[in-house]
Amino acid sequence: MTGLNIDVDKVAEIIRHVAATEVMPRFKNLATGDVREKNPGDFVTVADEASEKALAAALTAYLPESIVVGEEAVAKDAGVLARLDSDKPVWVIAPIDGTYNFAHNRSHFGILVALVKDGETQYGWVYDAPGDRMAIAVKGQGATINGEKAVIREAGATPAELTGMGGGGQAWHFEPVNGLVKEIINVRSSLHDFLNLAAGKADFVVHINQVTPWDHSATVLLAEEAGAYVRLAHENVPFKPSMYKHCMLIAAPDEARWKMLEEILYPRLSKSAA
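Residues numbered from 1 in each chain as written. Predicted model: local features only at pLDDT ≥ 70, side-chain atom pairs only at ≥ 80, totals over all residues. Heavy atoms only, no water.

1. Re unusual backbone geometry
- Backbone geometry at arginine 188 places phi at a positive 60°, although glycine is not the residue there.
- In this fold, arginine 188 is placed in the loop between β11 (183-185) and α5 (190-198).
- Of note, histidine 234 is a non-glycine position whose phi angle comes to about 75°, a positive value.
- In this structure, histidine 234 sits in the loop between β14 (229-232) and β15 (245-246).
- Of the residues examined, histidine 234 reaches a relative accessible area of 57% and is grouped as exposed. (Helix = DSSP H or I, 4+ residues; strand = E, 2+ residues; numbered from the N terminus. Buried < 20%, exposed > 50% of the residue type's maximum accessible area, 1.4 Å probe, protein only.)

Here it is as structure tokens:
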């Protein structure tokens, strides 16, 4: 037992408030000096930093014994990741998932928040800020999107019938599987990849480069609670919120189709991502 008793709607309210005050006012309103690259192609903006600061303050005020692992804090000090080993509840925050899109005036972005206890993601919030779609997942209790039950759609029997969301690379990275699956759509946002899966707008997700606590803790819980089978490719092990490593992750409608997809995706896309 985790001993947690979280008001999921209160946390959702906190996330919406931070989006409304720190993120959305800066969308399409960034000055040149407001955007920089942490690494080539990996952007951070003043909105990311303001969002993380506000979320960390509000969430720890709501749950005083908790601690925070934020994407931007880890970028400055990798030692922050060690907090995931704590016995305390840990908020894992992506203050803006899809920063590239945000910085380039594209609407595929939002906020990801997970609450981790005892090494497992217990709660996840996946918020599409421009679209005002809030997905909430509770371990063992299912998931909702704007209050409606989230359930993955009935999918085709063969990979050629399946439409996927691809992350961890650009569109050309997924070309090696053209014709082997119906389509892979790349929007450069983990949040939107998994939200589309849980909303029945895609059949699978493949992330080819790495898994991180902030990109995948809330989103994987959402997928699993909506009925998906999620594992690291090749290793065939579940995602854990402490994972921060180079690998491939696949979310599929069930184990059988996960295995079919892995046979196609892993040998071709692992080389593409290398």
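2. Comments concerning helix α6 (residues 213-225)
- Counted at 1.5 Å a residue, the expected span for α6 with its 13 residues is 18 Å, and the 18 Å between its end C-alpha atoms agrees.
- For α6, the tally of buried residues reaches 11 of 13 residues, placing the bulk of the element in the interior.
- For α6, the full list of buried residues reads Pro213, Trp214, Asp215, His216, Ser217, Ala218, Thr219, Val220, Leu221, Leu222 and Ala223.
- Directly after α6, the chain includes glycine 227, whose backbone phi takes a positive value near 110°. (Expected span 1.5 Å × (residues − 1).)

3. Topic: the sheet that holds strand β4 (residues 90-97)
- Reading across the sheet, the 7 strands line up as β3-β4-β5-β6-β7-β8-β9 and stay open at both edges, with mixed pairing between neighbours. What marks the edges here is a single partner per strand, and that holds for β3 (67-70) and β9 (148-149).
- In terms of strand pairing, strand β6 (residues 120-128) meets strand β7 (residues 133-138) through 6 bridges, oriented antiparallel. Each bridged residue has a counterpart across the sheet, and for aspartate 128 the counterpart in β7 is arginine 133.
- Across the face of the sheet, α5 comes into contact with β4, β5 (110-117), β6, β7 and β8 (142-145) while running at roughly 95° to β6.
- Each of β3, β4, β5, β6, β7 and β8 is contacted by α6, which is oriented at about 95° to β6, the strand it contacts most. (Pairing = 2+ DSSP bridges. Contact = heavy atoms within 4.5 Å. Axes fitted to C-alpha atoms, helices over the stretch in contact; angles between N-to-C directions.)

4. Structural notes on the sheet that holds strand β16 (residues 249-252)
- Read across the sheet, 5 strands follow the order β11-β10-β12-β16-β14 without closing on themselves; strand pairing throughout is mixed. Two strands lie at the open edges of the sheet, namely β11 and β14, each paired on one side alone. Taken over all neighbouring pairs, the strand axes of this sheet differ in orientation by 20° on average, direction set aside.

5. Comments concerning the side chain of arginine 257
- With respect to the helices and strands, arginine 257 occurs in helix α7 (residues 255-273).
- Given the relative accessible area of 15%, arginine 257 is considered buried.
- Within the local environment of arginine 257, its side chain forms a polar contact with the side chain of aspartate 254, the two groups lying 2.6 Å apart.
- Not counting chain neighbours up to four residues away, the residues in contact with arginine 257 comprise Ala155, Gly156, Ala157, Leu162 and Ala252. (Polar contact = N/O pair within 3.5 Å; in protein donor to acceptor, adjacent residues only side chain to side chain.)

6. Topic: the packing of helix α1 (residues 8-23) against helix α2 (residues 46-62)
- Here α1 crosses α2 at 150°, and the two axes come no closer than 9 Å. By the criterion of interaxial angle, the relationship of α1 to α2 is roughly antiparallel. As for how α1 packs across α2, the hand of that crossing is right-handed. Counting all contacts with α1, which are made through Lys10, Val11, Ile14, Ile15, Val18, Glu22 and Val23, the residues of α2 involved are Ala47, Ala50, Ser51, Ala54, Leu55, Ala58, Leu59 and Tyr62. (Parallel < 35°, antiparallel > 145°, perpendicular 65-115°, else oblique. Left-handed = near helix turned anticlockwise from the far one by under 90°.)

7. A look at α5
- Counting buried residues in α5 gives 9 out of 9 residues, a clear majority hidden from the surface.
- When we look at burial in α5, the residues that qualify are Ser190, Leu191, His192, Asp193, Phe194, Leu195, Asn196, Leu197 and Ala198.
- Where α5 terminates, the next one or two residues include glycine 200, which has phi positive at roughly 80°.

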